Amino acid sequence: MRVVKSIRAFALLLLAQILVPPVLVPQGFVPHVTLALTGEKAEFKQVADGVYAFVGKVNDANALVVVTTQGVVVVDTGNNPPETRILQNFIKSVTNQPVRYVIISQNHGDHAGGTPAFLPSAHMIVHEHVAKDWTSWKPYQTKAWRKRFRERADALKDANPGDFVISFKENMTLRLGGKTIELIYVDDQYNPGDIAIWLPQSGVMHAGFVGYIDRHPDIRPDYSHGTTMGMLKQLEVLSALKPKVMIPAHGPLGDVKDLHALTDYLLLARQKVRAMMAKGMPLTAIVKEFHMNEYKGWDRENHFEWLAETLHRELQSQGPQVPQIVEQKVSGTITRLEEEGRRLIVKSDSGADLRLRIASDTDIDGAATDRSELMLGMKLTATYQVPQGFNAALGYDVVEMIVGP
């Protein structure tokens, strides 16, 4: 894969705003043919003195651990409660120091959902956008957060996430036990609070949301995950630091060349959608035709639909899609499980199949209290959200559900 220098990348980006070139593979471009998955078990790898990378299994969320003489700093918290507990055990295997700070790089359940496991003894550091979002949680979200880890339920029974939060507006530097940890926020109209974490003494970076290696990015037309333009701005800043080790949000460890690779990817994706728009193709046809086959083997091709829709909006300078949410109920049986219960197919009592998505803030009661405990054949009653006029490509989000054997 060629390396796109910063100035050149943004010159191309500016040109793409003015001209509509045919979709051409860039000169020197080498297609990716790879399997992006990490191993079947989570790994804990030392990447510098006192610095460790937690690499999630099968592309689960990654984390960063910084051990100092005055305590431990953890960046992100694991994909689900079992993974968070594995992360905690890994930390205990290398130090007796307590976890003093938990930094959240992005406000998604697979990165922030494990925070209750470290409370109330630790502080959480988040961007102010994330802190604001947490203060607006609905009762079911707070309830799910309090009981997400059985062992912490009593300690957090009267707590709220905001009780433990330290927030910042721009950048922040944390110095602890001889280690310097820089939190980098790249301002953008639609940045929901995504940050990167940079260790200048060792050249190690947790790149947060823009740290994708061999994985199609999860960009949505409601801009809840930001925009491709916002990602390019972040990549410009992070690439300039030339990290020796780059810990992505998901996938194997990399370095600065992987930040350049994602820049290439986003520029090509924008060019493809712009060319189809120039031909007068309607959105439905663009979504159907859009692909990134130049990146064969990359994880999460099910993100294509949302990426195409988002680019269609961005390239017309439209704001985020704001769908009306309608809550519906279903009773039925689990007939398919994916990603340890994160996604379900439920056969409703009326006989219809329904795709549901279980988030970290889904309030679960009954025979299972965590999505990783769900099993085929279980009965459930669920309340889920249907966004009107919005393509819920990965399934409808479940608000709360009761599960029976």
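Anything mentioned here points back to the structure above.
Residues numbered from 1 in each chain as written. Predicted model: local features only at pLDDT ≥ 70, side-chain atom pairs only at ≥ 80, totals over all residues. Heavy atoms only, no water.

Moving on, we get to the overall build of the protein chain. Counting its secondary structure elements, the protein chain contains nine helices and 20 strands. Relative to the compact-globule value of 22 Å for 405 residues, the protein chain shows a C-alpha radius of gyration of 21 Å, a close match. When each of the 405 residues of the protein chain is scored for burial, the buried share is 56%. The contacts of the protein chain with a sequence gap of at least 6 include a subset with a gap of at least 24, amounting to 66%. Here the protein chain has roughly 17300 Å² of accessible surface; of this, 52% comes from carbon and sulfur atoms. With 44 positive and 45 negative side-chain charges, the protein chain shows a spacing of 2 Å between the two charge centroids. (Helix = DSSP H or I, 4+ residues; strand = E, 2+ residues; numbered from the N terminus. Rg over C-alpha atoms; globule rule 2.2 N^0.38 Å. Buried < 20%, exposed > 50% of the residue type's maximum accessible area, 1.4 Å probe, protein only. Contact = heavy atoms within 4.5 Å. Areas by Shrake-Rupley, 256 points an atom, 1.4 Å probe, with all protein chains shown as cover. Lys, Arg positive; Asp, Glu negative; His and termini not counted. Charge placed at Lys NZ, Arg CZ, Asp CG, Glu CD.)

This paragraph deals with the environment of Gly226. Inspection of the secondary structure puts Gly226 in the loop between strand 12 (204-206) and helix 6 (228-240). Separated by 165 residues in sequence, Gly226 and Ala61 have C-alpha atoms that sit 18 Å apart.

What follows concerns the sheet that holds strand 9 (residues 172-176). A sheet is described by the order of its strands in space; here five strands give the open sequence 9-10-11-12-13, paired in mixed fashion. Each having just a single partner strand, strand 9 and strand 13 (245-247) make up the two edges of the open sheet. Between one strand axis and the next, the sheet turns through 20 degrees on average, direction left out of account. Bridge count for strand 10 (residues 179-184) against strand 11 (residues 196-199) is three bridges, and the pairing is antiparallel. When the bridges of strand 11 are listed, Leu183 appears paired with Ile197. (Pairing = 2+ DSSP bridges. Axes fitted to C-alpha atoms, helices over the stretch in contact; angles between N-to-C directions.)

To continue, consider the packing of aromatic side chains. Within the structure shown, the criterion is met by 13 aromatic pairs. Seen from their ring centres, Trp145 and Phe164 are 6.5 Å apart, and the 40 degrees between their planes marks the pair as tilted. Pair noted here: Trp145 is in helix 5 (residues 139-146) and Phe164 is in the loop between helix 5 and strand 8 (165-168), with a separation of 19 residues, a long-range link. Take Trp145: its relative accessible area is 5%, and that puts it in the buried class. (Phe/Tyr/Trp six-rings, centres within 6.5 Å; stacked < 30°, edge-to-face > 60°.)

Moving on to the pairing of strand 17 (residues 353-357). Direction of pairing for strand 16 (residues 343-348) relative to strand 17: antiparallel, over a ladder of five bridges. Bridge pairing in strand 17 links Ile345 to Arg355. Taken together, strand 16 and the strand that follows it, strand 17, pair antiparallel across an intervening segment of four residues, in which Gly351 is found at a positive phi of about 100 degrees. As paired elements, strand 17 and strand 20 (residues 396-404) share two bridges and run parallel to each other. When the sheet's bridge partners are listed, Arg357 is paired in strand 20 with Asp397.

Attention shifts here to the nonpolar core. By size, the foremost hydrophobic cluster in this structure holds 36 residues, and its most contacted members are Met231, Leu238, Tyr265, Phe290 and Met292. Broken down by secondary-structure element, the contributors of at least two residues to this core are strand 11, helix 6, helix 7 (256-278), helix 8 (283-289) and helix 9 (304-314). Sorting elements by how many residues they give to this core places helix 7 first, with nine residues. (Core = buried A, V, L, I, M, F, W, Y, C linked by side-chain atoms within 4.5 Å.)

Before going further, it helps to examine empty space enclosed by the protein. Counting across every chain of the model gives four cavities of 30 Å³ or more. Lining the largest cavity, in full, are Ala144, Lys147, Arg148, Ile358, Ala359, Ser360, Thr362, Ile364, Thr369, Asp370 and Arg371. Split into classes, the residues belonging to the lining of the largest cavity amount to four nonpolar, three polar and four charged. (1 Å grid on protein atoms, 1.4 Å probe; cavity = no way out; pocket = protein on both sides within 12 Å on 5 of 7 lines; lining within 4 Å. Points joined across faces, edges and corners; volume = space filled by probe spheres on them. Nonpolar A, V, L, I, M, F, W, Y, C, P; charged D, E, K, R; others polar.)

A separate point is helix 2 (residues 81-94). Here helix 2 contains 14 residues, and its C-alpha end-to-end distance of 21 Å stays within 8% of the 20 Å for a straight helix at 1.5 Å per residue. Those residues of helix 2 that sit buried are Pro81, Glu83, Thr84, Leu87, Gln88 and Ile91. On an axial view of helix 2, the arc spanned by its buried residues comes to 160 degrees, and they lie on one face. Seen from the buried face of helix 2, the exposed residues on the opposite side, beyond 90 degrees, are Lys92 and Ser93. Contacts from the buried residues of helix 2 go to strand 2 (43-48), strand 3 (51-55), strand 4 (63-68), strand 5 (71-75) and strand 6 (99-103). (Expected span 1.5 Å × (residues − 1). Arc of directions from axis to C-beta.)

Another point: helix 7. Between its terminal C-alpha atoms helix 7 stretches 34 Å, which fits the 33 Å expected from 23 residues at 1.5 Å a residue. Counting buried positions along helix 7 yields 20 of 23 residues, so the element is predominantly enclosed. Where helix 7 ends, the next residue or the one after it, Gly280, has phi of about 85 degrees, a positive value.

On to the sheet that holds strand 5. Overall, mixed pairing links the seven strands, which are arranged 2-3-4-5-6-7-8 in an open sheet. For this open sheet the edge positions go to strand 2 and strand 8, each flanked by a neighbour on one side alone. With strand direction ignored, the average angle separating the axes of adjacent strands in the sheet is 20 degrees. The pairing of strand 4 with strand 5 spans five bridges and is classified as antiparallel. Across the sheet, Thr68 pairs through a bridge with Gly71, a residue of strand 5. Sheet contacts for helix 2: strand 2, strand 3, strand 4, strand 5 and strand 6; angle to strand 3, the most-contacted strand, approximately 155 degrees. Sheet strands in contact with helix 4 (residues 128-135) are strand 7 (123-127) and strand 8, and its direction is about 110 degrees off that of strand 7.

What follows concerns unusual backbone geometry. Residues Leu119 and Pro120 are joined by a peptide bond in cis, for which omega reads 10 degrees. A positive phi is found at Asp214, a non-glycine position, where the angle reads about 55 degrees. Judged by its relative accessible area of 13%, Asp214 falls in the buried class. Backbone geometry places Lys242, a non-glycine residue, at a positive phi of 50 degrees.

It is worth spelling out the environment of Leu354 at this point. Its location among the elements puts Leu354 in strand 17. What makes Leu354 buried here is its relative accessible area of 14%. Between the C-alpha atom of Leu354 and that of Gly332, which follows or precedes it by 22 residues, the distance is 9.4 Å. Other than its neighbours up to four places away in sequence, Leu354 contacts Val330, Leu344, Ile345, Val346, Tyr384 and Tyr396.

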